Amino acid sequence: MGEVDAVLPGRARRLCSAWLRLADEEQAADLIALAATELLTNAIRYGTASTIRFRLEPSVDLLKLSVDDGNPQQPSIQAADLLAERGRGMQIVDQLVRGAGGDLGFSEDGTTTWCTFPISKEGRHA
C-alpha cells in the first residue's frame, strides 16, 4: 500500500462517521466506519483500477456503502489463520453486515463490492 493509499481508509472512516452523526445514527457509526475501512483496504490491495470509487448512498431506511476497484474477481470471504496478518477483511465486513441485519454483495461484473446497513427512519433528517 502506497503512502497516499494508506490515508484513504481513514478518510472514508471519518466521512462515514460524520454522515452518521449528522443523521443521528451515532450508535452505528463505529461498525459502519469499520466496514468502510475494510472495503477500501481490500480495494487498495487487490483492485486493478487506477481510481477507486467509494460511495455512501443513504435511502429512507438503509445506508449503502460501495467500493469499485476495477477488479472483476470478486473478493472471497475466507477464514484466516489466527496468526495471519491479512485475509480477514471480507470476513469482518460479512460479520458486521449480517450482525446489523444488512446485506453484502457484488456487482454483476465483480468490480464493485457493496454492503447495506439498516438505519432508523427517525434519524434521517440530515
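Being a predicted model, the structure only gives us computed values, none of them experimental.

Below, the discussion takes up the pattern of salt bridges. A side chain with one charge can pair with a side chain of the opposite charge if their charged atoms come near. Counted by the stated rule, this structure contains two salt bridges. Linking glutamate 57 and arginine 55 is a salt bridge whose minimum nitrogen-to-oxygen distance equals 3.8 Å. With a relative accessible area of 34%, glutamate 57 lands in the partly exposed category. With a relative accessible area of 32%, arginine 55 lands in the partly exposed category. Between arginine 98 and aspartate 94 there is a salt bridge, with its nearest N and O atoms 3.0 Å apart.

This brings us to empty space enclosed by the protein. Applying the stated rule across the entire model yields one cavity of 30 Å³ or more. Volume-wise, the largest cavity comes out at about 50 Å³. Residue lining of the largest cavity: Leu39, Asn42, Ala43, Val67, Asp69, Pro75, Met90 and Thr113, and that is the complete set. For the lining of the largest cavity, the leading source of residues is helix α2 (residues 26-46), giving three residues. Split by residue class, the lining of the largest cavity holds five nonpolar, two polar and one charged.

As a further point, take the sheet that holds strand β4 (residues 112-118). Strand order in the open sheet made by the four strands is β1-β2-β4-β3, with antiparallel pairing throughout. A single partner strand is all that each edge strand has here, and the edge strands are β1 (53-58) and β3 (103-106). Between one strand and the next, the sheet's axes are offset by a mean angle of 15°, whatever the strand orientation. Bridge count between β1 and strand β2 (residues 62-68): six bridges; the pairing is antiparallel. Looking across to β2, one finds that arginine 53 is bridged to aspartate 68. The strands that α2 touches are β1, β2 and β4; relative to β2, the one it contacts most, it runs at about 15°. Running at roughly 30° to β4, helix α3 (residues 89-100) makes contact with β3 and β4 of the sheet.

The next subject is the pairing of β3. Relative to β4, β3 runs antiparallel, the two sharing four bridges. Paired with glycine 105 across the strands is tryptophan 114, a residue of β4. The turn joining β3 and β4, which pair antiparallel and follow one another in sequence, is formed by five residues; a positive phi near 80° is taken by glycine 110.

With that settled, the discussion passes to the nonpolar core. Core analysis: the biggest nonpolar cluster contains 23 residues, and Ile32, Leu39, Leu63, Leu65, Cys115 and Phe117 have the highest contact counts within it. The set of elements that each furnish at least two residues to this core consists of α1 (3-22), α2, β2, α3 and β4. No other element matches α2, which puts nine residues into this core. Leaving out residues up to four positions away in the same chain, isoleucine 32 has contacts with Cys16, Leu20, Leu63, Leu65 and Phe117.

Each value, and the rule that gives it
- Residues numbered from 1 in each chain as written.
- Predicted model: local features only at pLDDT ≥ 70, side-chain atom pairs only at ≥ 80, totals over all residues.
- Heavy atoms only, no water.
- Salt bridge = Lys/Arg side-chain N within 4 Å of Asp/Glu carboxyl O.
- Buried < 20%, exposed > 50% of the residue type's maximum accessible area, 1.4 Å probe, protein only.
- 1 Å grid on protein atoms, 1.4 Å probe; cavity = no way out; pocket = protein on both sides within 12 Å on 5 of 7 lines; lining within 4 Å.
- Points joined across faces, edges and corners; volume = space filled by probe spheres on them.
- Helix = DSSP H or I, 4+ residues; strand = E, 2+ residues; numbered from the N terminus.
- Nonpolar A, V, L, I, M, F, W, Y, C, P; charged D, E, K, R; others polar.
- Pairing = 2+ DSSP bridges.
- Axes fitted to C-alpha atoms, helices over the stretch in contact; angles between N-to-C directions.
- Contact = heavy atoms within 4.5 Å.
- Core = buried A, V, L, I, M, F, W, Y, C linked by side-chain atoms within 4.5 Å.

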